[in-house]
Amino acid sequence: MNRKELIDALAERTCSTKADADRNIGALIDIITATLKKGDNVALVGFGTFEVRKRAARAGRNPSTGEAIKIKASKAPAFKAGATLKAVVNGTKQAAVKPKKKVGPNDPCTCGSGAKYKNCCGAGK
């Protein structure tokens, strides 16, 4: 799944526009990136943890020449899957997916504005 497919799936699942879904995904990525840059972790219970791992300086070899080189110490972002995600991927547990509610044109919009869906987020759909 690429970013466009994720945006489409999020928009459909939340009954929001693709533009809103794109902004939400962008904001999530920005928040995770900024948190990791500060050196903190982002833990989503059941899903996993985004963290920064420190890599020590080490000796390496240039693959084309075989020459010994020094590799500087660095930090690398990493993701550690949570127990629930692992269980779902391995088929030992069902994913907790809420069934999608079909929103009719005269139902209240799911964005919380109180407007009818056809006059709010559903306009133009």
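Because the structure is predicted, anything quoted here is derived from the model rather than measured.

Procedures and definitions
Residues numbered from 1 in each chain as written. Predicted model: local features only at pLDDT ≥ 70, side-chain atom pairs only at ≥ 80, totals over all residues. Heavy atoms only, no water. Salt bridge = Lys/Arg side-chain N within 4 Å of Asp/Glu carboxyl O. Helix = DSSP H or I, 4+ residues; strand = E, 2+ residues; numbered from the N terminus. Pairing = 2+ DSSP bridges. Axes fitted to C-alpha atoms, helices over the stretch in contact; angles between N-to-C directions. Contact = heavy atoms within 4.5 Å. Patch = residues over 30% accessible without salt bridge, like charges linked within 9 Å, V, L, I, M, F, W, Y side chains within 5 Å. Areas by Shrake-Rupley, 256 points an atom, 1.4 Å probe, with all protein chains shown as cover. Buried < 20%, exposed > 50% of the residue type's maximum accessible area, 1.4 Å probe, protein only. Expected span 1.5 Å × (residues − 1). Phe/Tyr/Trp six-rings, centres within 6.5 Å; stacked < 30°, edge-to-face > 60°.

Visitor: Is there a simple way to explain the pattern of salt bridges in this structure?
Guide: Pairing is possible between side chains of opposite charge, provided their charged atoms come close. Following the criterion strictly, the structure yields five salt bridges and no others. Residues R23 and D20 are paired through a salt bridge, measuring 2.2 Å at the closest nitrogen-oxygen approach. In this pair, R23 and D20 are both assigned in helix α2 (residues 18-37), three residues apart and thus about one turn of the helix distant.

Visitor: Please clarify how the sheet that holds strand β2 (residues 48-55) should be interpreted in this entry.
Guide: Strand pairing in a sheet relies on backbone hydrogen bonds, with the paired strands running either antiparallel or parallel. Ordered by their spatial adjacency, three strands build an open sheet running β1-β2-β5, and the pairing between neighbours is antiparallel. Looking at strand neighbours, the two that pair on one side only are β1 (42-44) and β5 (74-81), the edges of this open sheet. The average undirected angle you get between the axes of adjacent strands in this sheet is 30°. Here β1 pairs with β2 via three bridges, running antiparallel. Bridged to A43 within β2 is T49. Strands in contact with α2 are β1, β2 and β5; relative to β2, the strand with the most contacts, it is inclined by about 40°.

Visitor: Help me understand a nonpolar patch on the surface in this model?
Guide: On the surface, L44, F47 and F79 cluster together into a nonpolar patch covering about 250 Å² of accessible area. Structurally, F79 is set in strand β5. For F79, a relative accessible area of 35% puts it in the partly exposed group.

Visitor: Could you clarify how one ought to interpret helix α1 (residues 3-14) in this entry?
Guide: Helical periodicity: at 3.6 residues per turn, an α-helix aligns residues three or four positions apart in one direction. Over its 12 residues, α1 runs 16 Å from end to end, which matches the ideal 16 Å to within 8%, given 1.5 Å per residue. Immediately beyond the C-terminal end of α1, within one or two residues, lies C15, with a positive phi of roughly 55°.

Visitor: Mind showing me how you'd approach the packing of aromatic side chains here?
Guide: Ring pairs (aromatic) are described by centroid distance and by the angle formed between their planes. Going through the model one piece at a time under the given rule, you end up with two aromatic pairs. Seen from their ring centres, F50 and F79 are 4.8 Å apart, and the 50° between their planes marks the pair as tilted. Here the residue F50 occupies a position in strand β2, and F79 occupies one in strand β5, the gap between them amounting to 29 residues. Grouping aromatic residues by their ring pairs yields a cluster made of F47, F50 and F79.

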